[in-house]
Amino acid sequence: MGTDGMDVKVPADQVAARSAPDAGTGVRVLPLILGRWGPLGRPAVARRRRARQASPVRARIGLVIAAAFLALLVLWAIIPGVFAGTDPTAVNPLAALTGPSVHNFLGTDQYGRSIYDELVYGARPALEVGVGSTLLGGAVGSLIGIVGGYLGGWFDLLIMRLIDMLLALPGLLLALIFIAALPRTLSNEIFAIAIASVPIFARVLRGQAVQVRSRPFVDAAVVSGLRRRTIVIRHIIPNCVAPAMELATVYVGVAIVIAASLSFLGLGPSEVVPDWGTLIQSGQGYIDHDWWISVFPGVIVTLAVIALSVLGDRLRGALEPARG
Amino acid sequence: MLGVVGRRIAVGIPVIIGVTAIIFFVLRVLPGNPVDIITAGAPTTPAERQDIINEFGLNKPVLAQFGSFLWGALHGNFGDSFATRLPVMSQISQQAMATVELAAAAMVLTAVLGIGLGAVSALTYGSWIDAAIRAVTLLGSSMPIILTGPLLILLLSFTVHLFPATGSGSFSQLVLPALALALFACGVIVRLVRSSMLEVKSQEFVTALRAKGVGEARIWLRHILRNALVPAVTLLGVQLGTLLSGAVVAETVFGRQGLGSLLVTGIDNKDYPMVQAIVLIIATAYIVLNIIVDVCYSLLDPRVRVQTAA
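Residues numbered from 1 in each chain as written. Chains lettered and ligands numbered in written order. Predicted model: local features only at pLDDT ≥ 70, side-chain atom pairs only at ≥ 80, totals over all residues.

Thoughts on the overall build of chain A
Rules: A run of H or I in DSSP counts as a helix once it spans at least four residues, and a run of E counts as a strand once it spans at least two, with each numbered from the N terminus. Partly exposed residues are those whose C-beta has more than 12 but fewer than 20 other C-beta atoms within 10 Å; with 20 or more the residue is buried, with 12 or fewer it is exposed, and the C-beta atoms are placed from the backbone.
For chain A, the helix and strand inventory stands at 13 helices and 0 strands. Sequence-ordered secondary structure for chain A, helices as α and strands as β, is α-α-α-α-α-α-α-α-α-α-α-α-α. Classification of the 324 residues of chain A by burial places 54% in the buried group.

Points about the overall build of chain B
When helices and strands are tallied, chain B shows 13 helices and 0 strands. In sequence order, the secondary structure elements of chain B are arranged as α-α-α-α-α-α-α-α-α-α-α-α-α. Oriented by its inertia axes, the alpha-carbon framework of chain B measures out at about 85 × 60 × 30 Å. For chain B, the residues scored as buried account for 45% of the 310 residues in total.

A few points about the confidence of the model for chain B
The line we're drawing: pLDDT measures how confident the predictor is about each residue, on a scale from 0 to 100.
Per-residue pLDDT for chain B has a mean of 86; in total, 96% of the residues score no lower than 70. By mean pLDDT, helix 13 (residues 302-309) of chain B is the weakest element of chain B at 60, and helix 5 (residues 88-123) of chain B is the strongest at 92.

Re the environment of A:Leu172
Which entries qualify depends on this criterion: Note on contacts: each residue gets a C-beta atom placed from the backbone, and two residues are in contact if those atoms are within 7 Å.
If you trace the backbone, A:Leu172 turns up in helix 8 (residues 171-181). When the 23 C-beta atoms within 10 Å are taken as the criterion, A:Leu172 is described as buried. In this structure, the C-alpha to C-alpha distance between A:Leu172 and A:Leu267, residues 95 residues apart in sequence, is 12 Å. The residues contacting A:Leu172, other than those within four sequence positions of it, are A:Ile258, A:Ser261, B:Ser245 and B:Val248.

So, the environment of A:Cys240
Counting through the fold element by element, A:Cys240 comes out in helix 11 (residues 228-264). Spatially, the C-alpha atom of A:Cys240 lies 15 Å from that of A:Arg229, the residues being 11 residues apart in sequence.

Considerations on unusual backbone geometry
Residue and element names in this part refer to chain B. Even without a glycine there, the phi angle at Arg85 is positive, about 60°. Along the polypeptide, Arg85 turns up in the loop between helix 4 (62-74) and helix 5. Its 11 C-beta neighbours within 10 Å are what place Arg85 among the exposed residues. At Lys270, a residue that is not glycine, the phi angle is positive and equals roughly 55°. Mapped onto the elements, Lys270 comes out in the loop between helix 11 (259-268) and helix 12 (272-300). Since 20 C-beta atoms lie within 10 Å of it, Lys270 is described here as buried.

A few points about the environment of B:Thr44
Position of B:Thr44 among the secondary structure elements: in the loop between helix 2 (34-39) and helix 3 (46-55). Ignoring any residue separated from it by four or fewer positions in sequence, one finds B:Thr44 in contact with B:Thr39 and B:Arg49.

As for the packing of helix 5 of chain B against helix 8 (residues 171-201) of chain B
Residues and elements named next belong to chain B. Using the following cut-off: What counts as an axis is a line fitted to C-alpha atoms, over the stretch in contact for a helix, and the angles between N-to-C directions run from 0 to 180 degrees. Each crossing gets its hand from how the near helix is turned against the far one by less than a right angle, where anticlockwise is left-handed and clockwise is right-handed. Residues were grouped as follows: Ala, Val, Leu, Ile, Met, Phe, Trp, Tyr, Cys and Pro as nonpolar; Asp, Glu, Lys and Arg as charged; and all remaining residues, including Gly, as polar.
The interhelical angle for the contact between helix 5 and helix 8, taken along N-to-C directions, is 35°, at an axis separation of 6 Å. Where helix 5 crosses over helix 8, the two elements pack in a sense that is right-handed. Here the contact of helix 5 with helix 8 is built from residues that sort into 22 nonpolar, 4 polar and 2 charged.

What about helix 7 (residues 145-159) of chain B?
Spelled out, the test is: For a helix, the expected span equals 1.5 Å multiplied by the number of residues minus one.
End to end, helix 7 of chain B covers 19 Å across 15 residues, agreeing with the expected 21 Å (1.5 Å per residue, within 8%). Taken residue by residue, helix 7 of chain B has B:Ile145, B:Ile146, B:Leu147, B:Thr148, B:Gly149, B:Pro150, B:Leu152 and B:Ile153 as its buried positions. The inward-facing, buried residues of helix 7 of chain B contact helix 11, helix 12 (276-284) and helix 13 (292-319) of chain A together with helix 8 and helix 10 (216-253) of chain B.

Focus on helix 12 of chain A
It helps to recall that an α-helix has 3.6 residues per turn; residues three or four apart then point in one direction. Taking burial as the measure, the 9 residues of helix 12 of chain A include 8 buried ones, the bulk of the element. Those residues of helix 12 of chain A not exposed but buried are A:Trp276, A:Gly277, A:Thr278, A:Leu279, A:Ile280, A:Gln281, A:Gly283 and A:Gln284. Contacts made by the buried residues of helix 12 of chain A are with helix 6 (115-151), helix 11 and helix 13 of chain A together with helix 7 of chain B.

Some remarks on the packing of helix 7 of chain B against helix 10 of chain B
All names here are of chain B. Helix 10 packs onto helix 7 with a crossing angle of 35° between their chain directions and a minimal axis gap of 10 Å. Note that helix 7 runs across helix 10; the crossing there is right-handed. Of helix 10, the residues touching helix 7 (which contributes Ile145, Ile146 and Gly149) are Gly246, Val249, Ala250 and Val253. Each residue belonging to the contact of helix 7 with helix 10 can be placed in one class, and the counts come to 5 nonpolar, 2 polar and no charged.

Some thoughts on the confidence of the model for chain A
Confidence along chain A averages 80 in pLDDT terms, with 81% of residues attaining 70 or more. This stretch, residues 1-52 of chain A, has a pLDDT under 50; its non-local contacts, to residues over four places away or in other chains, come to 104 contacts.

Pasting the structure below:
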C-alpha cells in the first residue's frame, strides 16, 4: 500500500510497513479502517498465534461458543415461533414493566410484551440487514478493489480517489446520507449500510490484489499466455477469498450495530417490529427502574459482535493455513 | 517539514470537494421534489411554488446549483433550511460548540485511557491486571454506544449519583457521554500501545541501554513508551472518525444539544440543506484533523520526514 501516497491514512500504512518486514498486504489496513477491530491488527496477529499454540483447547472453546451463539440467532431468525410465543407484539397491560421472572425470564416492556419474545423475533430483521448489506456491499466493494488492484493504471487511480472520498465520511455518516435521501424501508436500510461498506471492502481487497499480483505464480500465468480475465478469476480472486471472508464476517456485526443505532435514533425502517434498536431506545426512558428493556437487547447485539469477530478471526486462520 | 504540511493539504482539498459533491448529489438527485418537502404537503398555489423555486435557486441547472453550494460553503453559507427557512449556518453555529466540547473531551479521554491502560498492560504483561485490562477493553469496544450509554446512566447516574444522566452545558454533564465514547474508542489503542511496547521491549537497543546502566524507569518511559506512541498517534487520528460518528449517536443517547441531534432532526424533517451542511462540516473536520495528526506524526518520528522527503 505504500505506493498510493495520496490519502489521509498513508502514515498508518507506513507504520504497519515498518513494524512488519513482510508488510504489503492490504489486510493490515483493516484494523486501521475499522479502528475498533484491534484484535485483527498485525501485532495482535503475532500474539494470537502464540496464544493459539499455547492453548489450542481454550481457543477452540471460544470458537465453539461463538458459533453456537450465532447458530442460535440464525434459528431465531428462521423459526422464531419454536423459541418464543406466536405474537411478540401482543400487548398485555397487566404485565407491563415486570422484572425478570419465571414467566418472563427477561422481563417485560412498558406494554407488557415479553422482552425475550421481542429479542427472538427481532433476530430476523437484524440478520437480514447484517447479512444482506454485507453481501451486497462486500461483493461490489471486493470486485472494485480486486479489479483496481490487479489492473492498476488510471482505473485504479480513479477508483482509489473515489474510495478515499467515501472513507473521509465516517461509516455511520455515509449511511446517514442515504437514509436521509430514501424512504425508510428495510431494503433501503440494507442499501445504505451496504454503500457504507463498499469503500472498506474495496480498500482491503485492493491491497490484497496488489500483493497477490506480485507473487511469482501470477508472473508464470502471464508468461504462459493466459488472458487477463482468466488470471483474475483463477488466480487473483481465489487468493482474495480469505481476507474478504474475514472482513465480511466482522462487517456483519458492524452492520447490525449500525442498524440498531439507526433505529435508536428513530431513523430505522418503520415496518420492522420488533426491532432491537427501537427496543433499546424505548427502554431508555425506564432505565432507572426497569433496566432490562434496554440492557438485554444491547447485550444480544454486543454478543453478536463479539461472536462474529471471534469467528472472523478463526475463519482466516482456517482459510489460509500457510498464514495462520 | 513544510513539505509534509503542503502535500497533505494539497491532497486534502480535492477530497473535501469530492465529499461535497457526493453529499450534494445524493441528497439532490435521489429524493423527491424539494418544493413538496419545503411546503410539507400544505396546499400551495403555483405562484407560491414558483416563489419557493426562486428563493432556493431550484430553477438553475443542477451543476450550477452545486457550484453555488460549493461557493457558498466556502464562505460559510450553506443556504436556508427547508424546515425553518432560516440560514442553516446560524443554527449550526449555535450548536457546534457542544459537539466540539464532546469530541475534544472524548478524544482526550481516549488518549489518556488508551495509552495509560496500554502501558500498564505491557508493564504487567502476563499478570491478572494485564488480562483484566484486555478483557475490559475488548468488551468496551464491542459494546455499541446505545448500550454503553444507558449502562453508564444506570450505574453512574441512578445507582451511584455521580453525574447527571442527560443534558448539556456543564462539565459534569460532559463526563458520561465522553466516557461512553472513549470506552468504545480506546480498546484498539490499548491493544496497539501494549503490543508495540512489548515489541520495542525486545529490541536490541533496549538491551544496549540496560548494559549502559540506564535505569528501568527511564528505559520504559523515555525509550519504550515513546517509541510505542508513534503508531498510537496515527491510530488516534483514525479513531477520530469513530468518535465523530459516535458523537452523533451519543448526543441522542444523553439528550445533549449539538450537531448530532441537529442532524437527526434534519434527516427526520427531510431538511436537506441542514443535512448537507452538517455532514460536510463533520467530514471536513475529520480530514483536517487527520492532516494535523499526520503532521504531529512526522514531528514525533523523524524517519517519516526522511521517507516522505525522498
